[in-house]
Amino acid sequence: MWTHTYTHRSPADPTRLWELLSDVDGWVHWNDGIESITLQGPLAVGNTFEMTPPGEETITSRLVELKPPRLISDLTEMNGLSIKVQHRLDPEPDGATTIAFAITVIGEVPDEVAEEVGAAVSADFGDVMANLAATAEGTR
């Protein structure tokens, strides 16, 4: 198992960030690691989305946790691995928001393999959170 949490602090209003985060089909506008994405049905636990990273094959993920207006988690199962990504918005007392993306990789593989996969999947999380924040702030 491998897990890691990435954070980014934004002055953006958490309501605006939630509007962007909860519009799964719209992730393509602020996540450069997505060429196309389509949510099957409404934003609800159990529904799936198909996402194609640039130059790669389409993957299917399932929404496994939803706590509006603060949390969306998705699970991707492939090659004997379960990759869970939690997208969280934590309002701060000063009006800012901490954006947190937590990734957990579990599978019947050595820890080094889980870490390698997790690090590869999450390599752009810093940029993705910064782009989400910039979009919410109106600077992207």
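Residues numbered from 1 in each chain as written. Predicted model: local features only at pLDDT ≥ 70, side-chain atom pairs only at ≥ 80, totals over all residues. Heavy atoms only, no water.

Student: Talk me through the overall build of the protein chain; I want residue IDs and the actual numbers.
Tutor: In terms of helices and strands, the protein chain carries three helices and seven strands. Over its C-alpha atoms the protein chain spans a radius of gyration of 15 Å, differing by no more than 12% from the 14 Å that the globule rule assigns to 140 residues. In terms of overall dimensions, the protein chain has C-alpha extents of about 45 × 30 × 30 Å along its principal axes. Residue pairs at least 24 apart in sequence account for 44% of intrachain contacts in the protein chain once pairs closer than 6 positions are excluded. When the accessible surface of the protein chain is summed, it comes to about 7,200 Å², and 50% of that surface belongs to carbon and sulfur atoms. If the 8 positive side-chain charges of the protein chain are averaged to one point and the 23 negative ones to another, these points end up 10 Å apart. (Helix = DSSP H or I, 4+ residues; strand = E, 2+ residues; numbered from the N terminus. Rg over C-alpha atoms; globule rule 2.2 N^0.38 Å. Contact = heavy atoms within 4.5 Å. Areas by Shrake-Rupley, 256 points an atom, 1.4 Å probe, with all protein chains shown as cover. Lys, Arg positive; Asp, Glu negative; His and termini not counted. Charge placed at Lys NZ, Arg CZ, Asp CG, Glu CD.)

Student: Now, about the packing of aromatic side chains: what can you tell me, with residues and values included?
Tutor: Aromatic rings in a pair are described by how distant their centres are and how their planes are angled relative to each other. For the structure on display, the rule yields four aromatic pairs. Relative to F125, the ring of Y6 lies with its centre 5.6 Å away and its plane at 75 degrees, an arrangement referred to as edge-to-face. You can see Y6 sitting in strand 1 (residues 2–10) and its partner F125 sitting in helix 3 (residues 125–137), a full 119 residues away along the chain. Relative to F49, the ring of W27 has its centre 5.6 Å away and its plane inclined at 70 degrees; by these criteria the two rings are edge-to-face. (Phe/Tyr/Trp six-rings, centres within 6.5 Å; stacked < 30°, edge-to-face > 60°.)

Student: Explain the pattern of salt bridges residue by residue, including any values.
Tutor: Counted under the stated rule, the structure contains seven salt bridges. A cluster of three or more residues bridged by salt bridges with shared partners is formed by E65, K67 and K84. (Salt bridge = Lys/Arg side-chain N within 4 Å of Asp/Glu carboxyl O.)

Student: Summarise the nonpolar core; cite the residues concerned and give the values.
Tutor: Grouped together as the largest cluster of nonpolar side chains are 31 residues, with contacts concentrated most on W27, F49 and I99. By residue number, the principal contributor to this core is helix 3, which donates six residues. If near-sequence neighbours (up to four positions away) are discounted, F49 is found in contact with V24, W27, I37, T38, L39, Q40, I59, T60, S61, L63 and D74. (Core = buried A, V, L, I, M, F, W, Y, C linked by side-chain atoms within 4.5 Å. Buried < 20%, exposed > 50% of the residue type's maximum accessible area, 1.4 Å probe, protein only.)

Student: So, a negative patch on the surface: which residues are in play, and what are the values?
Tutor: Together, D111, E112, E115 and E116 line one region of the surface with negative charge. Relative to the helices and strands, D111 is located in helix 2 (residues 111–121). A residue is classified by how much of its surface remains accessible, and D111, at 47% relative accessible area, is partly exposed. (Patch = residues over 30% accessible without salt bridge, like charges linked within 9 Å, V, L, I, M, F, W, Y side chains within 5 Å.)

Student: How would you sum up the sheet that holds strand 6 (residues 81–91)? Please name residues and give values.
Tutor: The seven strands are arranged 1-7-6-5-4-3-2 in an open sheet whose pairing can be described as antiparallel. A single partner strand is all that each edge strand has here, and the edge strands are strand 1 and strand 2 (36–39). Strand-to-strand, the axes of this sheet are offset by a mean angle of 20 degrees, without reference to chain direction. Of the strand pairs in this sheet, strand 1 and strand 7 (residues 97–107) are connected by nine bridges, and their pairing is antiparallel. When the bridges of strand 7 are listed, R9 appears paired with T98. (Pairing = 2+ DSSP bridges. Axes fitted to C-alpha atoms, helices over the stretch in contact; angles between N-to-C directions.)

So far we have only geometry, and geometry alone does not tell us how the molecule works.
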